Amino acid sequence: MVEIGPVGLDIGRVDGDAKVRGSARYVDDLKLANMWFGATKRSTIAHGLLKGIHKDPAFDWSEIVLVTAEDIPGRNTIFLMEEDQPALVAVGSKIMHPSEPIALVAAKTQARACEALAHLIIEVEELPAVFTTDEALEAKVKLYGQDNLFKKFLIEKGATDTLDAIFASCAHVVEGVYRTQAQEQMYIEPQGMISTWTEAGHCRIIGSMQCPFYVQKAMRVLLDIDDAHLIVEQAVTGGGFGGKEEYPSMIAGHCALLAKKAGVPVKLIYERDEDIEATTKRHPSIVKHKMGFDAEGRILAIDVDVVFDGGAYLTLTPVVLSRGVLHAAGPYKCETTRVRGRAVATNTPPHGAFRGFGAPQTTFAYERQMHKAARLLGKSDLELRELNMLREGDRTATSQLLEGSVGSEAVMAAIKEHALRAPLGERAPSTSLRRGRGLAFYFHG
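Residues numbered from 1 in each chain as written. Predicted model: local features only at pLDDT ≥ 70, side-chain atom pairs only at ≥ 80, totals over all residues. Heavy atoms only, no water.

1. Considering the overall build of the protein
Counting its regular elements, the protein contains eleven helices and 15 strands. Dimensions along the principal axes, computed over C-alpha positions, put the protein at roughly 80 × 65 × 55 Å. Looking at the 445 residues of the protein, the share that counts as buried comes to 51%. Within the protein, contacts between residues at least 6 apart in sequence are counted, and of these 79% link residues at least 24 apart. As presented, the protein carries roughly 21400 Å² of accessible surface, and 53% of it is formed by carbon and sulfur atoms. Between the centroid of the 51 positive side chains of the protein and the centroid of its 57 negative side chains there is a distance of 4 Å. (Helix = DSSP H or I, 4+ residues; strand = E, 2+ residues; numbered from the N terminus. Buried < 20%, exposed > 50% of the residue type's maximum accessible area, 1.4 Å probe, protein only. Contact = heavy atoms within 4.5 Å. Areas by Shrake-Rupley, 256 points an atom, 1.4 Å probe, with all protein chains shown as cover. Lys, Arg positive; Asp, Glu negative; His and termini not counted. Charge placed at Lys NZ, Arg CZ, Asp CG, Glu CD.)

Written out as structure tokens, the structure reads:
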């Protein structure tokens, strides 16, 4: 008998029982001796020059720790793909988005820390700001390079130089412009970190995160510390969905800087409104999608233009954009395909990882296109997708040959056998409630 180990068995979630029973200890549940509490002073403008940071002389600053960019022992950057995002805006440098961190405070109580924030005066010179992708592409205000482009991609398959002629010969052409907005991950537990230092110079960071090694990588640069003196621990994490992928490096750095200067453990937990205002979200998008069909409904040509709003800093935008353009033509067979993708800088908080990682924005567009095409051709949504879906032996928009099982035929057969035949159930008593079915086709990875 062959031993297969845990394959096919329910091994349970490591943290499932504790979370369900309420015994899990999240970062805000943790307490260390003599622990202080941190808070963040943020920009209230979208774009400007930081002229100064001033303490209100009428306020009692005793037992308040203040951290600015001058206190950073390493390089003032949250290192990930590029060194474009500072941990704290330095005096004389540019503020690039609302809610950008300017300074940090810590005190013995959370209330005292928040009181100190109110007496910290930020002097700024406001500059023209860029809020839309159209404004970014015009590049009248330059935020990143000379063209405000974080990244661009071009995917071509087949005779794309004849696309116009192919569309002209199509029996049916479906066009659409699809927009999505920034989307909050809304994890159950806000961002939070605790940091403490030893007299020997060892830094320990524990918090809510998805990628401890991202934090470790960033702290080496920001704190000028080696791995032997750095411990990064993931606490019980109340959801992330991408929102705790790259951003925890920011709050971890802030917490560590405060703890180092204070000489005591510091906890830094965001309130929900602060978390929503300041942290990364799903990238807003504009997708222009054009599909050409023959009289039977087979796709002859696809042309897609994708623009993502990256926000003020790069974060993981190039990777997110790549996922978006790789999936933009959908799981459908087409010999002539062009997909253009661009990600731009704007004066909004940086956008970053969120489940699906760029693909949902373009999936939304191509599935709406297929829905409209089915209505135009007089076919069912399932019939049109089954006619055009990628099968084993086909090539994707990136010309990848699908040599293994694709699964499309098995999935469609299962839908026809089970989902479409299953009764919808009795209509609910309320006249405002309707029951129905929808179909969307998807591929990812």
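Structure shown, so let's carry the discussion forward.
2. Comments concerning the nonpolar core
What tends to happen in soluble globular proteins is that the nonpolar side chains get buried as a cluster. The biggest cluster of nonpolar side chains holds 49 residues, and the ones touching the most others in it are Phe-293, Ile-299 and Val-306. Grouped together as the second largest cluster of nonpolar side chains are 37 residues, Trp-36, Cys-203, Met-209 and Cys-255 included. (Core = buried A, V, L, I, M, F, W, Y, C linked by side-chain atoms within 4.5 Å.)

3. A few points about the sheet that holds strand S2 (residues 48-55)
Reading across from one edge, S4-S2-S6 is the order of the three strands in this open sheet, with antiparallel pairing throughout. The open sheet terminates on both sides in strands that have one partner only, identified here as strand S4 (94-95) and strand S6 (120-126). Bridge count for S2 against S6 is seven bridges, and the pairing is antiparallel. Each residue of the ladder has a partner; that of Gly-48, found in S6, is Glu-126. (Pairing = 2+ DSSP bridges.)

4. Quick look at the pattern of salt bridges
Taken as a whole, this structure holds 25 salt bridges when the rule is applied. The shortest N-O distance in the salt bridge between Asp-71 and Lys-261 comes to 3.2 Å. Note that Asp-71 is positioned in the loop between strand S3 (65-67) and S4 and Lys-261 in helix H6 (residues 248-262), a separation of 190 residues in sequence. Residue class for Lys-261 comes out partly exposed when judged on its relative accessible area of 45%. Across the pair Arg-385 and Glu-367 runs a salt bridge whose closest N-O atoms are separated by 3.0 Å. Residue Arg-385 is located in helix H10 (residues 381-388), and its partner Glu-367 is located in helix H9 (residues 359-377); the two are separated by 18 residues in the primary sequence. Given the relative accessible area of 1%, Arg-385 is considered buried. A single salt-bridge network, built from bridges that share partners, covers Glu-367, Arg-375, Asp-381 and Arg-385. (Salt bridge = Lys/Arg side-chain N within 4 Å of Asp/Glu carboxyl O.)

5. Digging into helix H11 (residues 408-419)
With twelve residues, H11 extends 15 Å between its outermost C-alpha atoms, agreeing within 8% with the 16 Å of an ideal straight helix rising 1.5 Å per residue. For H11, the complete set of buried residues consists of Ser-408, Met-412 and Ile-415. With its buried residues spanning 55° around the axis, H11 presents them on a single face. Relative to its buried face, H11 has exposed residues pointing more than 90 degrees away, namely Ala-410 and His-418. On its buried face, H11 is in contact with H10. (Expected span 1.5 Å × (residues − 1). Arc of directions from axis to C-beta.)

6. As for the pairing of strand S15 (residues 336-345)
Among the ten residues that make up S15, eight are buried, leaving the element largely enclosed by the rest of the structure. Sheet analysis places strand S7 (residues 149-157) next to S15, joined by eight bridges and oriented antiparallel. Counterpart to Lys-157 in the pairing with S15 is Thr-337. Looking at chain direction, strand S14 (residues 299-311) and S15 are connected through ten bridges and run parallel.

7. Here's the deal with the environment of Lys-151
Within the secondary structure, Lys-151 is located in strand S7. Separated by 53 residues in the primary sequence, Lys-151 and Pro-98 place their C-alpha atoms 23 Å from one another. For Lys-151, the contacting residues outside a window of four places in its chain are Pro-318, Leu-321, Gly-341, Arg-342 and Ala-343.

8. Considerations on the packing of aromatic side chains
One pass over the full model with this rule turns up six aromatic pairs. Summarising the aromatic geometry, the rings of Tyr-178 and Phe-364 are spaced 5.8 Å apart at their centres and angled 85° between planes, so their arrangement reads as edge-to-face. Note that Tyr-178 is positioned in strand S8 (residues 172-180) and Phe-364 in helix H9, a separation of 186 residues in sequence. Centroid distance Tyr-332 to Phe-441: 6.1 Å. Interplanar angle 40°. Geometry classified as tilted. Residue Tyr-332 is located in the loop between helix H8 (317-326) and S15, and its partner Phe-441 is located in the segment after H11; the two are separated by 109 residues in the primary sequence. By the burial criterion, Tyr-332 is buried, and Phe-441 matches it. In this structure an aromatic cluster arises from ring pairing among Tyr-332, Tyr-366 and Phe-441. We note Lys-244 situated over the ring of Tyr-187; from NZ or CZ to the ring centre the distance is 4.4 Å. (Phe/Tyr/Trp six-rings, centres within 6.5 Å; stacked < 30°, edge-to-face > 60°. Lys NZ or Arg CZ within 6 Å of the ring centre and 35° of its normal.)

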